[in-house]
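In case you want the letters, here they are:
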Amino acid sequence: MLTRATLTRVVGAALEEDAPWGDLTSATLLPADATATADLVAREPGVFSGGEVFAAAFTLTDPEVTVDLHVGEGDAFAAGDVLATVTGAARSLLTAERVALNFTQRMSGIATLTAAYVAAVEGTRARIADTRKTTPGLRAFERHAVACGGGRNHRFSLSDAVMAKDNHLAVLQRTGLDLASALREAVARLPHTAHVVVEVDRLDQIPAVLDGGAHTVLLDNFTPDELRAGVALIDGRATAEASGGVDLDTVAAIARTGVDVISVGALTHSARALDLGLDLRID
């Protein structure tokens, strides 16, 4: 859920970046009393995300601007559909246009890509989840877009869960601590609500991870056959999560191995911005 504080902070920073001393073109070229209406039009089909962000770009620029959203978060749309209508001072609309479009195109692109992954694993138990491979400063927006596409959100930050990955395990190994004991000591110090995820890249690591009390075993870069073997070893004692080597060509086969979660960095780091345009009509 996007809070008003997050919207104001992130969108406000983007507006300041784009017009630090105002919009020189609009302020000098356009009459102050000129008004306009603009439609947010889809140039291609997709899944919508970022309506609140789109609206905030205009209302933070000018509280007198009105924004009417015609689709909801997570709604599918076709090319040519009008997704929103904006009315107000022409100067304000043109000042906020690029920031509004940048966010909405990016978020709708993520939602659209996520929906494709979710559709690819339909009929299996696997849930599609995002990762921390997000644009710095935009994580809340990008995770919201994943949810709009039907995906699940992984931990938001390093503060939310224990997630021991290969580099953590390498440090542990150098200290001479065995993995199971180190995990049990960590779990004993954690609040009872804290979730523990441990990444493995070999099947023989799984028993120690389970003995240490991990709640999720992250099977990294396993082949489908190895994933099936890993799921059998875990045998319901923890959540089985797959990651690495996941794309739209491989995700269905990964899902059929019986894993519970498939985490996909590409949802946020490789999503293409959708082609959305703002078509202006002078009142």
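Structure's up top.
None of these values were measured; they are calculated from a predicted model.

Calculation rules
- Residues numbered from 1 in each chain as written.
- Predicted model: local features only at pLDDT ≥ 70, side-chain atom pairs only at ≥ 80, totals over all residues.
- Heavy atoms only, no water.
- Helix = DSSP H or I, 4+ residues; strand = E, 2+ residues; numbered from the N terminus.
- Contact = heavy atoms within 4.5 Å.
- Areas by Shrake-Rupley, 256 points an atom, 1.4 Å probe, with all protein chains shown as cover.
- Lys, Arg positive; Asp, Glu negative; His and termini not counted.
- Charge placed at Lys NZ, Arg CZ, Asp CG, Glu CD.
- Buried < 20%, exposed > 50% of the residue type's maximum accessible area, 1.4 Å probe, protein only.
- Right-handed = clockwise from strand over helix to strand, strands pointing away.
- Patch = residues over 30% accessible without salt bridge, like charges linked within 9 Å, V, L, I, M, F, W, Y side chains within 5 Å.
- Salt bridge = Lys/Arg side-chain N within 4 Å of Asp/Glu carboxyl O.
- Axes fitted to C-alpha atoms, helices over the stretch in contact; angles between N-to-C directions.
- Left-handed = near helix turned anticlockwise from the far one by under 90°.
- Core = buried A, V, L, I, M, F, W, Y, C linked by side-chain atoms within 4.5 Å.
- Pairing = 2+ DSSP bridges.
- 1 Å grid on protein atoms, 1.4 Å probe; cavity = no way out; pocket = protein on both sides within 12 Å on 5 of 7 lines; lining within 4 Å.
- Points joined across faces, edges and corners; volume = space filled by probe spheres on them.
- Nonpolar A, V, L, I, M, F, W, Y, C, P; charged D, E, K, R; others polar.

A word on the overall build of the protein chain. Each helix and strand in the protein chain was counted, giving eleven helices and twelve strands. Across its three principal axes, the protein chain shows a C-alpha extent of roughly 70 × 35 × 25 Å. Intrachain contacts of the protein chain at a sequence separation of at least 6 include 72% that bridge at least 24 residues. With an accessible surface of roughly 13,900 Å², the protein chain has 53% of that area assigned to carbon and sulfur atoms. With 24 positive and 37 negative side-chain charges, the protein chain shows a spacing of 7 Å between the two charge centroids.

What follows covers the pairing of strand β10 (residues 239–243). Of all the five residues making up β10, four are buried; the element is thus mostly covered by neighbouring parts of the structure. Crossover handedness for the path strand β9 (residues 216–220) to helix α9 (residues 224–234) to β10: right-handed.

Before going further, it helps to spend a moment on a nonpolar patch on the surface. The grouping of L94, L280 and I282 at the surface amounts to a nonpolar patch, some 270 Å² of accessible area in total. Relative to the helices and strands, L280 is located in strand β12 (residues 276–282). When its relative accessible area of 36% is taken as the criterion, L280 is described as partly exposed.

For the pair helix α1 (residues 4–18) and helix α3 (residues 51–61), interaxial distance at closest approach is 9 Å and the crossing angle is 65°. Viewed along their axes, α1 and α3 form a crossing whose handedness is right-handed. Residues R4, L7, T8, V11, G12 and L15 of α1 pack against E52, V53, A56, A57, T59, L60 and T61 of α3.

Considering the arrangement of structural elements, one finds S49 in the loop between β2 (46–47) and α3. Here S49 falls in the buried class, since its relative accessible area comes to 0%. Considering only alpha carbons, one finds S49 and T112, 63 residues apart in sequence, at a separation of 8.8 Å. Sequence-distant contacts of S49, defined by excluding residues within four places in its chain, comprise E73, T104, M107, S108, A111, H144, A145 and C148.

This part is about the nonpolar core. Within the largest apolar cluster, 74 residues are counted, with the highest numbers of intra-cluster contacts made by L40, F54, F58, Y117, F141, V217 and I262. Ignoring any residue separated from it by four or fewer positions in sequence, one finds V217 in contact with V198, V200, I206, V209, L210, I234, A238, T239, A240 and E241.

This brings us to the sheet that holds strand β1 (residues 35–42). With antiparallel pairing, the four strands of this open sheet are ordered in space as β3-β5-β1-β12. Two strands bound the open sheet, and with one partner strand each, they are β3 (66–69) and β12. Put simply, the sheet's adjacent strands are angled 15° from each other on average, direction ignored. Where β1 meets β12, seven bridges bridge the pair, whose relative direction is antiparallel. Paired with T37 across the bridge in β12 is R281. Strand contacts of α3: β1, β3, β5 (82–89) and β12, with the helix running at about 165° to β3, the strand carrying the most contacts. On the sheet, helix α4 (residues 90–120) packs against β1, β5 and β12 and is oriented at approximately 160° with respect to β12.

Turning our attention to the layout of surface pockets. Using a probe with the size of a water molecule, rolled over the atoms, empty space left in the structure can be pinpointed. Of the pockets and cavities examined, the largest pocket occupies roughly 410 Å³. What lines the largest pocket is a set of 21 residues, and nearest its centre among them are T131, K133, K165, S243 and S263. Counting residues per element, the ones that place at least two in the lining of the largest pocket are β9, β10 and α11 (266–269). In terms of residue class, the lining of the largest pocket is made up of five nonpolar, nine polar and seven charged. Computed from the structure, the second largest pocket encloses a volume of approximately 320 Å³. Taken together, 15 residues make up the lining of the second largest pocket; nearest its centre are L169, Q173, L179, R202 and Q205. Put simply, the parts of the chain that give the lining of the second largest pocket at least two residues each are α6 (166–175) and β8 (196–200). Examining the composition of the lining of the second largest pocket, we find that five residues originate from one element, α6, more than from any other. Taken together, the residues of the lining of the second largest pocket sort by class into seven nonpolar, two polar and six charged.

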